[in-house]
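Understanding the architecture of this molecule
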Amino acid sequence: MKITDQLQLHRPAENSALTIGVFDGVHRGHRHLLSRLKAEANHHRLTSVVITFTDHPRGVVHPDVAPMLLTTIDERVALLRETGIDLVIPVSFDKALSTLTAREFAVLLKEHVHMTGLVVGPDFAMGHRREGDGTTLAALGQEMGFFVEMIEPLRSGEGAVVRSTSIREAIAEGDMARATAMLGREYSLAGTVVRGHGR
């Protein structure tokens, strides 16, 4: 399904403040960002929207280095909805989407999701080859009529930025205490239990 169809399927009735990303794990850092999104949406009387990619962009652009995700798309959508966000829109990240420029993507968001505000972290970039950095987005916002709010990342007690990558590394090392601290909850796996040989 094309991105335009996916956006239309969940189109908000009113203007929106939104954020975009994979949000794998929906960890404490994500929740910090989402809290700011909700505050900005309430302040401007907008619908708060999260666009989450069903596939990790790195896995599409560089399949050989695709990360192992912490959550399925269904788990992610459920966790995002638990935060009180008004609308969660899952979007497939594919080759076609990866070739859009920052301007083309912004046009789609304005047209189909009524984007009036964009709330993102300092490392966020959108568009082909990550061309849409903070400076570019701010310029596009002035031209196209949406505000851009870039917030500082959440840091752990040791001062490290809370990231999905860091949580994956902690789990791989068996450091579940560190993973739990960054996630804000215990890590869990979902799957089907099958009967073994009974040995």
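1. Topic: the overall build of the protein chain
Across its full length, the protein chain carries nine helices and five strands. If you list the helices and strands of the protein chain from N to C, you get α-β-α-β-α-α-β-α-α-β-α-β-α-α. In terms of C-alpha radius of gyration, the protein chain reaches 18 Å, essentially the compact-globule figure of 16 Å for 199 residues. With respect to the principal axes defined by its C-alpha atoms, the protein chain has extents near 65 × 40 × 30 Å. Within the protein chain, the proportion of its 199 residues that are buried is 43%. Sequence-distant contacts in the protein chain: of pairs separated by 6 or more residues, those separated by 24 or more amount to 76%.

2. Some details on the confidence of the model for the protein chain
For the protein chain, mean pLDDT is 91; residues scoring 70 or higher make up 96% of the total. Averaged pLDDT values over the elements of the protein chain bottom out at 72 in helix 3 (residues 57-61) and peak at 98 in strand 4 (residues 115-120).

3. Quick notes on the packing of aromatic side chains
Evaluated as defined, the whole model comprises one aromatic pair. Aromatic side chains Phe-53 and Phe-93 sit 5.1 Å apart centroid to centroid with 75 degrees between the ring planes, which places their arrangement in the edge-to-face category. Remark: Phe-93 occurs in the loop between strand 3 (87-91) and helix 5 (95-98) and Phe-53 occurs in strand 2 (residues 47-53); sequence separation between them is 40 residues. What makes Phe-53 buried here is its relative accessible area of 7%.

4. Quick look at helix 7 (residues 134-144)
Buried residues of helix 7: Gly-134, Leu-137, Leu-140, Gly-141 and Met-144, and no others. With its buried residues spanning 125 degrees around the axis, helix 7 presents them on a single face. Turned more than 90 degrees away from the buried face of helix 7, the exposed residues are Thr-135, Gln-142 and Glu-143. Buried positions along helix 7 lie against helix 6 (102-113), strand 4 and strand 5 (147-150). Following helix 7 by one or two positions, Gly-145 adopts a phi angle in the positive range, close to 90 degrees.

5. Re the packing of helix 6 against helix 7
It is the contact of helix 6 with helix 7, at a shortest axis distance of 11 Å, that shows an interaxial angle of 45 degrees. Taken as axis vectors, helix 6 and helix 7 run oblique relative to one another. Between helix 6 and helix 7 the crossing geometry is right-handed. Along the contact surface, helix 6 presents Ala-102, Arg-103, Ala-106, Val-107 and Lys-110, while helix 7 presents Leu-140, Glu-143 and Met-144. Broken down by class, the residue content of the contact of helix 6 with helix 7 amounts to five nonpolar, no polar and three charged.

6. Side note on the environment of Val-148
With respect to the helices and strands, Val-148 occurs in strand 5. Spatially, the C-alpha atoms of Val-148 and Pro-12 are 19 Å apart, while their sequence positions differ by 136 residues. Setting aside its immediate chain neighbours within four residues, Val-148 contacts Leu-118, Leu-137 and Ala-138.

7. As for the nonpolar core
As a rule of thumb, nonpolar side chains are buried together in soluble globular proteins. If you look at the biggest cluster of nonpolar residues, it comprises 29 residues, and the most contacted ones within it are Leu-7, Ile-20, Ile-51, Leu-109 and Leu-118. At the level of elements, helix 1 (3-9), strand 1 (16-21), strand 2, strand 3, helix 6, strand 4 and helix 7 are the ones that each hand at least two residues to this core. By residue number, the principal contributor to this core is helix 6, which donates six residues. For Ile-51, the residues in contact, after removing those within four places along its chain, are Leu-7, Thr-19, Ile-20, Gly-21, Phe-23, Ile-89, Val-91, Leu-109 and Val-113.

Procedures and definitions
Residues numbered from 1 in each chain as written. Predicted model: local features only at pLDDT ≥ 70, side-chain atom pairs only at ≥ 80, totals over all residues. Heavy atoms only, no water. Helix = DSSP H or I, 4+ residues; strand = E, 2+ residues; numbered from the N terminus. Rg over C-alpha atoms; globule rule 2.2 N^0.38 Å. Buried < 20%, exposed > 50% of the residue type's maximum accessible area, 1.4 Å probe, protein only. Contact = heavy atoms within 4.5 Å. pLDDT = per-residue confidence, 0-100. Phe/Tyr/Trp six-rings, centres within 6.5 Å; stacked < 30°, edge-to-face > 60°. Arc of directions from axis to C-beta. Axes fitted to C-alpha atoms, helices over the stretch in contact; angles between N-to-C directions. Parallel < 35°, antiparallel > 145°, perpendicular 65-115°, else oblique. Left-handed = near helix turned anticlockwise from the far one by under 90°. Nonpolar A, V, L, I, M, F, W, Y, C, P; charged D, E, K, R; others polar. Core = buried A, V, L, I, M, F, W, Y, C linked by side-chain atoms within 4.5 Å.

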